[in-house]
Amino acid sequence: MMLWSLFKIILFVALIAVAALGAGWLMETGGGVRIAVGAQEFNLGALQAAIVFVLFVLAIWLLLKLISLLTAVVHFLNGDETAISRYFDRNRERKGYEALADGLMALASGEERAAMAKAARAEKFLHRPELTNLITAQAAEMAGDRKKAEDVYKRLLQDERTRFVGIRGIMKQKLEAGDTETAMKLAEKAFALKPRHVETGDILLALQATQSDWSGARKTLGAKVKTGALPKDVGKRRDAVLALQEAKDIFDEGNSIRAREAAIEANKLSPDLIPGAVLAATSYMERDNPRYATRVLTKAWQAQPHPDLAAAFAAIRPDETPEERLKRFKALTKHQKDHPETRMLLAELHIANEDYPAARNALGDLAETDPTQRSLTLMAAIERGEGGDDDTVRACLTRAVTASRGPQWVCDKCNQIHADWVPVCENCGAFDTLSWKVPPEGGARIHGGAEMLPLLVSKPAPEAPDTPPTEAEAEVEPPHADYADPDDAGPAQFAPEVEGKPK
Ligand SMILES: [Zn+2]
């Protein structure tokens, strides 16, 4: 704007200079113009001629304007009632679009009040509410005038062309105000109007997931895949997650037959979804079908070994001997042999079978290469089982206390650690972002660790060295060897146990 004003000033000065030069030149040359009108003759000097010429141009311009006004009047007299108003409308339109452009400019430069004033002016001349209301709504949002913005959005709802903008605007307001129920209804409407609109689809899906409307979310997801807004494989995986939640809800309602089918369907959609495989295995067991239960768990283990899978696998035959168990678990342990989870599982099974050399062999150097609470505790159990002295066992356990807890359910987006798998992150609300992995530094130790170390280290040396202390024995109980109750097993529950014992 500054530049434009400067330009205009320079142009004006330049024009004056040119005119002055031209006038001077005309006077010097002494030329003239002779105009004859009828019998009369006018002799004009050069300067007068130039002035007359300018006046002449001006007169023609006025004449043309007058003619078009007269034409409009003639049309009006001939019955065209809007002819005159149309003539003036052309001026109004020009002024209207100027105001509209100024309004947009003010909006872009963050001058909300000016934008609103220009929009009102544009509306006065143009009567195009679908255009001017958009500017007013945006400006009101920017100025933080929620009431005004909402009023304008409501006006936008009335026009077919702007209904979507209106719904989306009100939906966002409701979301900010925390009224998720109304926001969800509006999101449904907006999504129905524009199923290809990615943002609306995402908002609707997230709302449905947080409100546990799993079947609704599956429909939205299906529509997103159908319109190509979501790749097919991602859609399938997410559908499996939603189907799994749906199945869990049906279980809670008590309709176990339908729930079983839903769980099995979810597992088919995404066989490597660990909680899905566990639920499907449980469903198969309720149908007395251990073969299929074994199959779904093995398949998931092949994709990613996980303690929950091992626990569900153990639950297939809850009262077999350690030897039988070791044999049956070969279905799992023959896959992913070098995976730490497989090695620890095998070590646990051997410990339960009291075959400590085999357990040591299965664990290998895991306590050194991947020292976690679980691998170090297993090492301690092996040392104890092989008759190692208390110092060695205690050294192992001391290391275990400060060691990493190993992989956990961690949100890929915000790194929040969850005790159990959930479809929606409890911290950031993201959908299907939980991975079984070692949390990044910082978030790793939520509780336990260094602060209880002095308790263990300053523990008085056993008074009767010939009788092994029962405490240590209890401590080295491998956390995962007995899968009778999957909820009680696992490294997640192990730390508090250590915490409790030394007191
Ligand atoms: Zn998160």
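Residues numbered from 1 in each chain as written. Predicted model: local features only at pLDDT ≥ 70, side-chain atom pairs only at ≥ 80, totals over all residues.

Under an unreviewed UniProt entry, the name given to the protein chain is Heme biosynthesis protein HemY, and the organism recorded is Sinisalibacter lacisalsi. Word for word, the UniProt comment on the protein chain under Subcellular location (unreviewed entry) is "Membrane". (UniProt positions renumbered as here; feature names shortened; annotations may be inferred.)

We now examine the environment of Leu134. Take Leu134: it is sitting in helix H5 (residues 129-143). With 21 C-beta atoms counted inside 10 Å, the residue Leu134 sits in the buried group. Expressed as a C-alpha distance, the spacing of Leu134 and Ala119, which sit 15 residues apart in the sequence, is 8.9 Å. (Helix = DSSP H or I, 4+ residues; strand = E, 2+ residues; numbered from the N terminus. Buried ≥ 20, exposed ≤ 12 C-beta atoms within 10 Å, placed from the backbone.)

Bringing the packing of helix H4 (residues 112-126) against H5 into the picture now. Relative to each other, H4 and H5 sit at 165 degrees, their axes nearing to 9 Å. Considered as vectors, H4 and H5 are oriented roughly antiparallel to each other. Considering how the two elements wind past one another, H4 and H5 form a crossing that is left-handed. Here Glu112, Arg113, Ala115, Met116, Ala119, Ala122, Glu123 and Leu126 of H4 come into contact with H5, specifically with Pro129, Thr132, Ile135, Thr136, Ala139, Ala140, Met142 and Ala143. When its residues are assigned to classes, the contact of H4 with H5 shows 11 nonpolar, two polar and three charged. (Axes fitted to C-alpha atoms, helices over the stretch in contact; angles between N-to-C directions. Parallel < 35°, antiparallel > 145°, perpendicular 65-115°, else oblique. Left-handed = near helix turned anticlockwise from the far one by under 90°. Contact = placed C-beta atoms within 7 Å. Nonpolar A, V, L, I, M, F, W, Y, C, P; charged D, E, K, R; others polar.)

Looking now at the UniProt feature "transmembrane region" (unreviewed entry) in the protein chain. Within this structure's numbering, the places UniProt gives as "transmembrane region" (unreviewed entry) are residues 49-77. Between the end C-alpha atoms of residues 49-77 there is a gap of 41 Å, over a span that is 100% helix and 0% strand.

In this section: helix H9 (residues 198-210). With 13 residues, H9 should reach 18 Å at 1.5 Å per residue; the first-to-last C-alpha distance of 18 Å fits that figure. Buried residues of H9: Thr200, Gly201, Ile203, Leu204, Leu205, Ala206, Leu207, Gln208 and Ala209, and no others. Looking at the buried residues of H9, the elements they touch are helix H7 (163-177), helix H8 (180-193) and helix H10 (214-226). Ser212 lies just past H9 and shows a positive phi near 60 degrees. (Expected span 1.5 Å × (residues − 1).)

Phi at Gln336 is positive, roughly 50 degrees, even though this residue is not glycine. Along the chain, Gln336 turns up in the loop between helix H17 (330-333) and helix H18 (340-352).

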